[in-house]
Amino acid sequence: MTKRQEKRPVFQDLHIGSKLKAFRRAKSLSLSELAKLTNISEATLSRVENEQTPVSAHNLYILSQVLGVDITAFLGESANPIRNGVRSISRKSDQSPVETARYLTDVLCTDLANKKMHPAVNTVEKRSVAEVGGLASHPGEEFLYVVSGKLVLHTDFYAPLLLEEGDSIYFDGTMAHAYISGSDEPARILVITTVDSAASKDVR
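This structure is a prediction, so every number in the text was calculated from the model and none was measured. (Residues numbered from 1 in each chain as written. Predicted model: local features only at pLDDT ≥ 70, side-chain atom pairs only at ≥ 80, totals over all residues. Heavy atoms only, no water.)

## Quick notes on the nonpolar core
One recurring pattern in soluble globular proteins: nonpolar side chains tend to sit buried together. Cut-off, in case you're wondering: Here, nonpolar core refers to any group of buried Ala, Val, Leu, Ile, Met, Phe, Trp, Tyr and Cys residues whose side-chain atoms link them within 4.5 Å. Burial here depends on accessible area, computed with a 1.4 Å probe over protein chains only, as a share of the maximum for the residue type. Under 20% is buried, over 50% is exposed, and the range in between is partly exposed. Secondary structure elements are defined from DSSP: runs of H or I of at least 4 residues count as helices, runs of E of at least 2 residues count as strands, and each element is numbered from the N terminus. Residue contacts are counted whenever heavy atoms from the two residues lie within 4.5 Å of one another.
Within the largest apolar cluster, 18 residues are counted, with the highest numbers of intra-cluster contacts made by Leu20, Leu34, Leu45, Leu63, Leu67 and Phe74. Looking at which element gives the most residues to this core, the answer is helix α6 (residues 57–67), with 5 residues. Filtering out sequence-adjacent residues up to four positions away, Leu67 remains in contact with Leu20, Phe23, Arg24, Lys27, Leu29, Leu34 and Phe74. In terms of nonpolar packing, the next biggest core, distinct from the first, is built from 14 residues, Leu144, Leu163, Tyr179 and Val191 among them.

If you want it as structure tokens, here you go:
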């Protein structure tokens, strides 16, 4: 086991399920009502709340938009709102990658809340769309840059796209998509998504 693997927290460590339940109840929403707003099945939401299944980064993003909280609220960080002159620095030594249902993610700049962009470095190991649970979408737009390895981007409307180290793509986040590794080695990608809360109810 590598040093990086030894420090991997998983979704249970962050108590995302209990936080989701608290945010849902604060909005006076039932599980079925939240399921309708997010187009995430009630059964899946129940399993997440009971810490029985990991939540994908896509679904976490959608939940944060619908519940009116910053995604950092699920990650246990004490975040400050954006203001004039603010900046956020993410040191490599401070990052704790989190294992999600689709990939390993290092969410960056978690000390800032209500950001208009959400940056993360994801490590993609899975080799098929079936393994990651199919295509998913989210509000807003997305920029993706391949830091290392090979990535295959699957999307609606287009044939699978092979991206290699140094390649990048900018696309509509509401277009369903999925990342898979394009080789036997994991792919590391920088992903920046924008916030579009007005569209959150229309995302499947």
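Right, picking up where we left off after that structure.
## Quick word on the packing of helix α4 (residues 31–38) against helix α5 (residues 42–49)
Note the threshold: An axis is simply a line fitted to the C-alpha atoms; with a helix, the fit covers only the stretch in contact. Between two such axes, the angle follows the N-to-C directions and lies from 0 to 180 degrees. In this scheme, a crossing is called left-handed if the near helix is turned counterclockwise away from the far one by less than a right angle; it is called right-handed if the turn is clockwise.
Where α4 meets α5, the closest approach of the two axes is 9 Å, and the angle between their N-to-C directions is 115 degrees. Between α4 and α5 lies a crossing of right-handed hand. On the side of α4, the interface is formed by Leu31, Ser32, Leu34, Ala35 and Thr38, while α5 contributes Glu42, Leu45, Ser46 and Glu49.

## Looking at the sheet that holds strand β7 (residues 150–155)
Put simply, the test is: One requirement defines pairing of two strands: DSSP has to find at least two bridges between them.
The strand order across the open sheet formed by 3 strands is β8-β7-β10, and the pairing between neighbours is antiparallel. Either end of the sheet is taken by a strand with one partner, and the two such strands are β8 (161–164) and β10 (177–181). Adjacent strand axes in the sheet meet at a mean angle of 25 degrees when their direction is disregarded.

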